[in-house]
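Residue-level structural notes
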Amino acid sequence: MPNNFRPESLMMTHAYRPELSEGAIKPPIFQTSTFVFESAEAGKAYFELAYGLRERGQQEESGLIYSRINNPNLEILEDRLCLWDQAEACAVFESGMSAISTVMLCFLRPGDLLLYSRPTYGGTDHFVNHVLREMDIMAVGFGPEDDAETIEGRILESGRADRLRLVYVETPANPTNSLIDLRMMRGIADRFSRADQRVRLAVDNTYMGPLWCSPLEHGADLVLYSATKYIGGHSDLIAGAVLGDRESLAAVRVLRTFLGNMASPHTCWLLLRSLETLKVRMERQQENARHLADYLTGHPLVERVYYLGHLSASSAEGQLFRRQYSGPGAMISFDIRGGEAEAFRFLNALKLVKLAVSLGSTESLVQHPATMTHVGVCPEERARMGITDKLIRLSVGVEHHEDLRADLEAAFMAVSTDSPVEKRAVLG
Ligand SMILES: *Cc1c(COP(=O)(O)O)cnc(C)c1O
């Protein structure tokens, strides 16, 4: 990291030179499709680098060519994102899904095997089980409850153990916050790697990154984000990012150039603005979540709370949590006493907390996984994952925690005064 300054100290200035933009303190939006070469020789040199036709010179920088390949807003954003995960390289995409699908298309070929954790984000699950399957890329799933022996057994049973190319992990699992051990997954990836073929470990760190988990430190090769969530943080854009070593990212960038799914200058500019407050936002969200998780845990209408800050330090999961994460984050799920009817009454009664999917934003959001984000998961699998009709997922924002608590309290009151038992009594 330059001068050993921390990422939050560098988010306002790193990788931007005001003298190249009339001294403007902030990077302007470079709303341009193409860039003028200072000479034909310069244009030739830029293309040689962009197409990998020769090695980069000692002091040589990549020249700007065309905004599908590079753009100042995109490059400054990628350089700044690298600081949080201490990554060598980054590629930003127009959505989290385009980051995920481009990584999978980059490292998997027909006949290959993908190992992936379940539950995973719905879009990822669909891409793996429909789009990749049609290309004869086979996927083997595992869950937070499976140990290394069970997972390796499944790889061997697939008949394609020698074609394992990518291990894809999402942890903590959405919406129940169950954890997957990245060190164990690195071990599995290594055992199926060959001298000429490393099995890459990719981690979707949307839920805890970049602040509370650094998967690269725990053996991951690639970290992926839906930058729509905490990184964007204001529910006003869609974007994604991939980070990792230079060699892997070079391959991802080439595919991005030809799929043309890089983020636009305007989206990058919004993300640069978001990054300046990333740490203060996430810390406040985490602090608020702690208050709300404590409140929910004692509530008579709450059966169970899924919150990482409440794991017992002596349990295996508690130990894994301490090893892998620096904080419990701002996502809480809980089972309300009753079922869908009670859950819906609660959701409909909230005023400050908004009923919407997505997460990680400044405003608190709430949703019902069984009928919303996870409605596409088959009922048996939903039950196995603990996604029942009484489960509610809450993404905690930056509001005053007492106001959030008052909003939850009023909604619980609406559930208890509106209960079917009492309603029947009123109706006689
Ligand atoms: C939202 C999300 C995605 C998809 O990102 P988009 O920006 O919506 O394309 C992927 N993974 C996780 C964990 C997410 O929450």
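This one's a predicted model, so the numbers in the text were calculated from it and none came from an experiment. (Residues numbered from 1 in each chain as written. Predicted model: local features only at pLDDT ≥ 70, side-chain atom pairs only at ≥ 80, totals over all residues. Heavy atoms only, no water.)

Within the protein chain one finds 15 helices and twelve strands. Over its C-alpha atoms the protein chain spans a radius of gyration of 23 Å, differing by no more than 12% from the 22 Å that the globule rule assigns to 428 residues. Out of the 428 residues in the protein chain, the part that is buried amounts to 54%. Once local pairs closer than 6 in sequence are excluded, the contacts in the protein chain between residues at least 24 apart make up 72%. Surface accessibility of the protein chain: about 19600 Å² in total, with carbon and sulfur atoms responsible for 53%. Looking at the protein chain, you have 44 positive and 56 negative side-chain charges, and the mean spots of the two groups are 1 Å apart. (Helix = DSSP H or I, 4+ residues; strand = E, 2+ residues; numbered from the N terminus. Rg over C-alpha atoms; globule rule 2.2 N^0.38 Å. Buried < 20%, exposed > 50% of the residue type's maximum accessible area, 1.4 Å probe, protein only. Contact = heavy atoms within 4.5 Å. Areas by Shrake-Rupley, 256 points an atom, 1.4 Å probe, with all protein chains shown as cover. Lys, Arg positive; Asp, Glu negative; His and termini not counted. Charge placed at Lys NZ, Arg CZ, Asp CG, Glu CD.)

Our focus in this paragraph is the sheet that holds strand 3 (residues 138-142). Spatially, seven strands are ordered 1-7-6-5-4-2-3 in an open sheet, and the strand pairing comes out mixed. Of all the strands in the sheet, just strand 1 (89-93) and strand 3 have a single pairing partner and so form its edges. Within this sheet the neighbouring strands show an average axis-to-axis angle of 20 degrees, counted without direction. Where strand 4 (residues 164-170) and strand 5 (residues 200-204) come together, five bridges link them in parallel fashion. Within strand 5, the position partnered with V169 by the bridge is V203. Contacting strand 1, strand 2 (113-117), strand 4, strand 5, strand 6 (222-226) and strand 7 (240-244), helix 4 (residues 96-107) runs over the sheet at an angle of about 150 degrees to strand 6. Against the sheet, helix 6 (residues 148-157) touches strand 2, strand 3 and strand 4, its axis set at about 160 degrees to strand 3. (Pairing = 2+ DSSP bridges. Axes fitted to C-alpha atoms, helices over the stretch in contact; angles between N-to-C directions.)

Turning to the domain arrangement of the protein chain, a few remarks are in order. Each assigned domain of the protein chain is listed with its residue range as follows: domain 1 (7-32 + 67-275) and domain 2 (278-427). Computed from C-alpha coordinates alone, the two centres of domain 1 and domain 2 are separated by 27 Å. Taken together, the contacts link 34 residues of domain 1 with 39 residues of domain 2. For the pairing of domain 1 and domain 2, the buried interface totals around 3300 Å² over both sides, and the portion due to carbon and sulfur atoms is 58%. (Domains from an automatic or database assignment. Buried area = accessible area lost by both parts, 1.4 Å probe.)

Attention now goes to the pattern of salt bridges. Applying the stated rule across the entire model yields 23 salt bridges. A salt bridge links R198 to D221; the nearest nitrogen and oxygen atoms lie 2.7 Å apart. Of the two residues, R198 sits in the loop between helix 7 (182-191) and strand 5 while D221 sits in the loop between strand 5 and strand 6, which places them 23 residues apart along the sequence. Residue classification places R198 among the partly exposed residues on the basis of a relative accessible area of 44%. Classification of D221 by relative accessible area gives buried; the value is 8%. For K279, the salt bridge goes to E283, with nearest N and O atoms at 3.7 Å. With a gap of four residues between them, K279 and E283 both fall in helix 10 (residues 278-297), about one helical turn apart. The partly exposed category is assigned to K279, whose relative accessible area is 24%. Exposure remark for E283: the relative accessible area of 39% places this residue in the partly exposed category. One salt-bridge network, in which partners are shared between bridges, spans R118, E145, E381 and R384. (Salt bridge = Lys/Arg side-chain N within 4 Å of Asp/Glu carboxyl O.)

Attention now moves to unusual backbone geometry. In the segment running from T171 into P172, the intervening peptide bond is cis, with an omega of -5 degrees. One can find P172 in the loop between strand 4 and helix 7. Put simply, G209 and P210 share a cis peptide bond, and its omega is 0 degrees. Not every positive phi belongs to a glycine, and E22 is a case in point at roughly 60 degrees. Secondary-structure assignment places E22 in the loop between helix 1 (7-10) and helix 2 (40-50).

Position of Q285 among the secondary structure elements: in helix 10. Classification of Q285 by relative accessible area gives buried; the value is 0%. Every residue in contact with Q285, bar those within four places of it in the chain, is listed here: Y230, A330, G360, S361, V396, G397 and V398.

With that settled, consider the pairing of strand 12 (residues 391-395). Taken across its five residues, strand 12 has five buried, putting it largely inside the fold. Residues L391, R393 and S395 of strand 12 are buried on one face, and the alternating residues I392 and L394, pointing to the opposite face, are buried as well. Where strand 9 (residues 331-336) and strand 12 come together, five bridges link them in antiparallel fashion. Each bridged residue has a counterpart across the sheet, and for F334 the counterpart in strand 12 is I392. Across three bridges, the pairing between strand 11 (residues 365-367) and strand 12 is antiparallel. Paired with V366 across the two strands is L394, which belongs to strand 12.

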